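# Structural features, examined
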Amino acid sequence: MSSLSRELVFLILQFLDEEKFKETVHKLEQESGFFFNMKHFEDQVQAGEWDEVERYLGGFTKVEDNRYSMKIFFEIRKQKYLEALDRQDRAKAVEILVKDLKVFASFNEELFKEITQLLTLDNFRQNEQLSKYGDTKSARNIMLIELKKLIEANPLFRDKLAFPSFKSSRLRTLINQSLNWQHQLCKNPRPNPDIKTLFMDHSCTPNANGSRPPPTNNPLVGPIPKAGAFPPIGAHGPFQPVVSPSPGAIAGWMSTPNPSMPHPAVAAAPPGLVQPSSAAAFLKHPRTPTGVTGMDYQSADSEHLIKRIRTGPADEVSFSGVMLSSNAYSQDDLPKAVVRTLSQGSNVMSMDFHPQQQNILLVGTNVGDISLWELGSRERLVHKPFKVWDIQAASMPLQTALVNDAAISVNRCVWSPDGLMLGVAFSKHIVQIYTNNPTGELRQHLEIDAHVGGVNDIAFAHPNKQLCIVTCGDDKVIKVWDAAAGRRQYTFEGHEAPVYSVCPHYKENIQFIFSTAIDGKIKAWLYDCLGSRVDYDAPGLWCTMMAYSADGTRLFSCGTSKEGESHLVEWNESEGAIKRTYSGFRKRSLDVVQFDTTRNRFLAAGDEFQIKFWDMDNTNVLTAVDADGGLPASPRLRFNKEGSLLAVTTTDSGIKILANNDGLRLIRMLESKAMERNRGTSEPINTKPLIVNALGPIGNVSNAVAPTLERADRIQPAVSISSLGNMENSRLVDVKPRIPDDIDKIKSWKISDIADPSQMKALRLPDSTTAGKVVRLMYTNNGLALLALASNAVHKLWKWPRNDRNNPSGKASAYVVPQLWQPPNGILMANDVNDNKPAEESTACIALSKNDSYVMSASGGKVSLFNMMTFKVMTTFVSPPPAATFLAFHPQDNNIIAIGMEDSTILIYNVRVDEVKTKLKGHQNRITGLAFSQTLNILVSSGADAQLCVWSIDGWEKKKTRFIQAPTGRQSPLVGETKVQFHNDHTHLLVAHESQIAVYDSKLDCLRFNYSVIQRFTKSLGFNSVVSKRCTCCSHLMCNIFMRWFVGLCYFL
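Keep in mind that this is a model prediction, so the values were computed, not measured.

Each value, and the rule that gives it
- Residues numbered from 1 in each chain as written.
- Predicted model: local features only at pLDDT ≥ 70, side-chain atom pairs only at ≥ 80, totals over all residues.
- Heavy atoms only, no water.
- Pairing = 2+ DSSP bridges.
- Helix = DSSP H or I, 4+ residues; strand = E, 2+ residues; numbered from the N terminus.
- Axes fitted to C-alpha atoms, helices over the stretch in contact; angles between N-to-C directions.
- Parallel < 35°, antiparallel > 145°, perpendicular 65-115°, else oblique.
- Contact = heavy atoms within 4.5 Å.
- Nonpolar A, V, L, I, M, F, W, Y, C, P; charged D, E, K, R; others polar.
- Phe/Tyr/Trp six-rings, centres within 6.5 Å; stacked < 30°, edge-to-face > 60°.
- Buried < 20%, exposed > 50% of the residue type's maximum accessible area, 1.4 Å probe, protein only.
- Lys NZ or Arg CZ within 6 Å of the ring centre and 35° of its normal.
- Left-handed = near helix turned anticlockwise from the far one by under 90°.
- Salt bridge = Lys/Arg side-chain N within 4 Å of Asp/Glu carboxyl O.

## Structural notes on the sheet that holds strand β11 (residues 455-461)
Spatial strand order, β11-β12-β13-β14: four strands in an open sheet with antiparallel pairing. Where the open sheet ends on each side, the last strands, each with one partner, are β11 and β14 (488-493). Strand-to-strand twist in this sheet, taken as the mean axis angle between neighbours without regard to direction, amounts to 20 degrees. Bridge count for strand β12 (residues 468-473) against strand β13 (residues 477-482) is five bridges, and the pairing is antiparallel. Among the inter-strand pairings, I469 is bridged to a residue of β13, identified as W481.

And the structure:
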């Protein structure tokens, strides 16, 4: 929903409240999920209206969404249970126990047993932990205090607890303004218009004599319409007063009149750059969300989570006892225990955790090399020493600088928001951009001779829906580059000293860049080349970095003066003034102090050979740790996006990894389940010829991005005060990157012909379970496992063992036999089935989340979501008929899935709000394939009618359609199941039909067409057809060793 549509909902809410439609107000609050009315919630809790309480909560969160939501529902149901026991209503208590509290047994069985034992007591107050339970009213009030803290801490309620601030009767005012405008346009305006309906535009009927009344007698006519000229419709009091952060914070600061500024303010920017203000348009979490944005099932902080899905594995949620802790945040949330020590071998200058794979750490050093570390195994996956990729193309100043002094340092290294790219800024002239493919291999993408002198900072930004690179340097300039081709798009000049840091950000649809220079000046730039909009002084007037809180609503800066005085402050964005100054720094810091933020709650800085932590709302130091010693005076530090891990540099050219309880569980899981890693070593070297060698090179960019939640917080490496003169050892690192809507991929695409069946290898997978025909088969995204769906609606998972001699990476290989895997609980992952149609006769479909943690699947019944670690069902949706026949995740937002249906339609379904957004029609038979391309911004569908349809992702309109090409001797048009899958370059499409395997381009022109070799190969193995859901009879699976984009053939062979 657009921001204007969201604001309209708020206007309607205000109108309904003023008209006293109380029940309708709360129903709209619940259904829209835009505003959580805490007063209404409190009233319902105090009244004991438990069904209404849970119904209202259900519009914003579900039990399984995250640990905060789970504790909220647990507290409510526990209170309902205790009240039934207090009334001696044992039957009701048993019903609540079985119906409402049973769901928590899988997370804490001991707690559930303890609650059950309360039934055996004459008075539950005999339980020691409940001995102080008073009467019902006081118990509800105590619970409310706890619930409010949990709701305020829950990321799903972020920006939903405060009603936007605007004038009362705003909707009536807008209607009156519209009527006045319509009245001005009347050909025969009357002095006292009679408004009888709002269903049609207003128009005055002519006077009997046809004369036009004089304008001076008409209060409605004039250059300035009056909102109150028409009779008011009536008004009531507004909503309860609320405290809301100013929606125009950054815009207000940037538009503040400043006599020293020679350039126009924001309001004078070109049309189209500055969008209308929106109270709802606060910046989303940049990590992903990450994700996610996107749906990052493992993250409890991401705002892009599916509301109906838990944010992490079930076994990560625990309760300490019947009564929950009263503090939603505590010092236990801070990573303070040392769990890893890494030896880099040279002085670490910059670090950044991967935005999706939180066990991967990017490191840059003072000798110019970069490394990727996998924290679970302590293994260095990648090491890239510095070199100029194309010295012939280098500028003469760069060549001269390298000749005069070959030493070069990494000033900054950073991941792109989606984790598909990383950027490195060096102390001499250049930046290098790598692409990161699914195997963990880094490939050279761009080398840019960006600045004269050192490049002091690099960041990813996303202006105008295009991924860009922002750099700054010793030449006092900020530059913006196209991330796909490396073209310079903007140059910002105005600083009078070397630029120390950049911080791209957006707010209320206004995109801008903060920059700081070593003279202490802070400036802000819009993407319009019209000069700086802000000119302020940073505390200390020297090296300063700026960073937003994770949700983008609070702005902080940290810096050190030339005299060694360090300053950590929070800014009042609307006034450009310091709001809060944090204390606790050494009086004379030895280096430039570094800091980072996490969880929208805590600040951390390296000072006095320690890591100091602050609560954002308290200026005093919360706590400090020395990480078992060995830290430099001002260590560099970096949180992962969850805030569960903290990387900090050491004096011996190493890195220590600190963890909280969640981080400790993550590290232990990585240790015990090495096969679950998302990054492996290089591909195994085989003595036998592989199809990989025959296929030739493929595109060097990985699959579509995961939405994720983004990461705003950035951290600068420490800078020796004595070496700041030339800026070559100084850095600041703040970025507010955006998740890209559209990324241009790299380019080369080539594939060799498969000329002989000897280039393929068959492998039978072990299966000791009940026989059943395999109807769907796919590799996991990390290439470590193979997932099958049988005709009896049961899933099977094979994992390849890691073997130092035969398979060091643990990746899928036809030369190593995988193992059939099940979780310790021994349960089967079985789909919901249709009682009216056996699963064996239903069409099956399956799709994996990008981090391989969850699988979406259907076998003729409802679509089910499973946790891949526990095989437990998380949720079900979309009941038949018609049944789902194919599933695919949206590449930019995992809340959105495309569901191909048995009736030939395609549903675009939003899991977050549990509704169908649109229905696509274009096929004549059931849907058998769906494939997204983020590069082309399209969805390609295929059906049993052998037809391909191309749909625009933006508006879901149909762009093109064609039937697949029939081979010689086959009647046209063809019929039968047709599968589609994009190559890694997201421009070439693999199409598989029982008659052929073909490759199409983005215009649906057939480029390659092959049938004979596949036919010979399958017949040599005893199979009759290439594509058939019954082809894998005998209950045996056959896998192949095609290139990664060919793994879709696992569906067909």
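## Things to note about the packing of helix α4 (residues 50-57) against helix α5 (residues 67-86)
Running from amino to carboxyl end, α4 crosses α5 at an angle of 175 degrees, the nearest separation of the two axes being 11 Å. On the basis of their axis angle, the class for α4 and α5 is roughly antiparallel. Seen from α4, the contacting residues are W50, V53, E54 and L57; seen from α5, they are I72, F73, I76, R77, Q79, K80 and E83. For the contact of α4 with α5, the per-class residue count stands at six nonpolar, one polar and four charged.

## A few points about unusual backbone geometry
Leave glycine aside and you will find that most residues have negative phi; peptide bonds, for their part, are mostly trans. The residue after P880, namely P881, is reached through a cis peptide bond having omega -10 degrees. Residue placement: P881 occurs in the loop between β37 (873-877) and β38 (884-889). Although it is not a glycine, S904 adopts a positive phi angle of roughly 80 degrees. By secondary structure assignment, the location of S904 is in the loop between β39 (896-901) and β40 (905-910).

## Thoughts on the sheet that holds strand β34 (residues 844-848)
Strand pairs in the sheet, formed through backbone hydrogen bonds, run parallel or antiparallel to each other. Strand order in the open sheet formed by four strands is β34-β35-β36-β37, with antiparallel pairing between adjacent strands. Among the strands making up the open sheet, the edge pair consists of β34 and β37. This sheet shows a mean twist of 20 degrees between the axes of neighbouring strands, independent of strand direction.

## Description of the packing of aromatic side chains
Any pair of aromatic rings gets described here by the distance separating the centres and the angle formed by the planes. Within this structure, the stated rule accounts for 24 aromatic pairs. Seen in terms of ring centroids, F36 and F157 are 5.0 Å apart; in terms of plane orientation they differ by 85 degrees. Their pairing is edge-to-face. Separated by 121 residues along the polypeptide, F36 in the loop between α2 (22-32) and α3 (38-47) and F157 in the loop between α8 (136-153) and α9 (170-184) bring together distant segments of the chain. When its relative accessible area of 0% is taken as the criterion, F36 is described as buried. On the basis of relative accessibility, which here comes to 1%, the residue F157 falls in the buried class. Note on Y490 and F492: the rings are 6.0 Å apart at their centroids and 15 degrees apart in plane angle, and the pair reads as stacked. In this pair, the class of Y490 matches that of F492, namely buried. By the ring-pair criterion, three or more aromatic residues cluster together here, those being F10, F34, F35, F163 and F166. Geometry around F34 places R6 over its ring, the cationic atom sitting 4.5 Å from the centre. Its guanidinium or amino end placed over the ring of W821, K799 lies 3.8 Å from that ring's centre, counting from NZ or CZ.

## Some thoughts on the side chain of S941
Looking at the secondary structure, you find S941 in strand β43 (residues 938-943). In this structure S941 touches I906, H923, G929, L930, Q947, L948, C949 and W951, once residues within four positions along its chain are discounted.

## Some points on the environment of C186
Along the chain, C186 turns up in the loop between α9 and α10 (249-254). Sequence separation between C186 and H202 is 16 residues, and the spatial gap between their C-alpha atoms is 8.1 Å.

## Remarks on the packing of α3 against α4
Remark: α3 packs on α4, axes separated minimally by 8 Å, with the N-to-C direction vectors making an angle of 150 degrees. By the angle between their axes, α3 is roughly antiparallel relative to α4. The element α3 and its partner α4 pack so that their crossing is left-handed. Facing α3, whose interface residues are H40, F41, Q44 and V45, α4 presents W50, E52, V53, Y56 and L57. Taken together, the residues of the contact of α3 with α4 sort by class into six nonpolar, two polar and one charged.

## Some details on the pattern of salt bridges
Under the counting rule described, the total for this entry stands at 37 salt bridges. A salt bridge links D607 to K612; the nearest nitrogen and oxygen atoms lie 2.8 Å apart. Residues D607 and K612 agree in their burial class; the two are buried. Between R926 and E977 there is a salt bridge, with the nearest N and O atoms lying 3.4 Å from each other.

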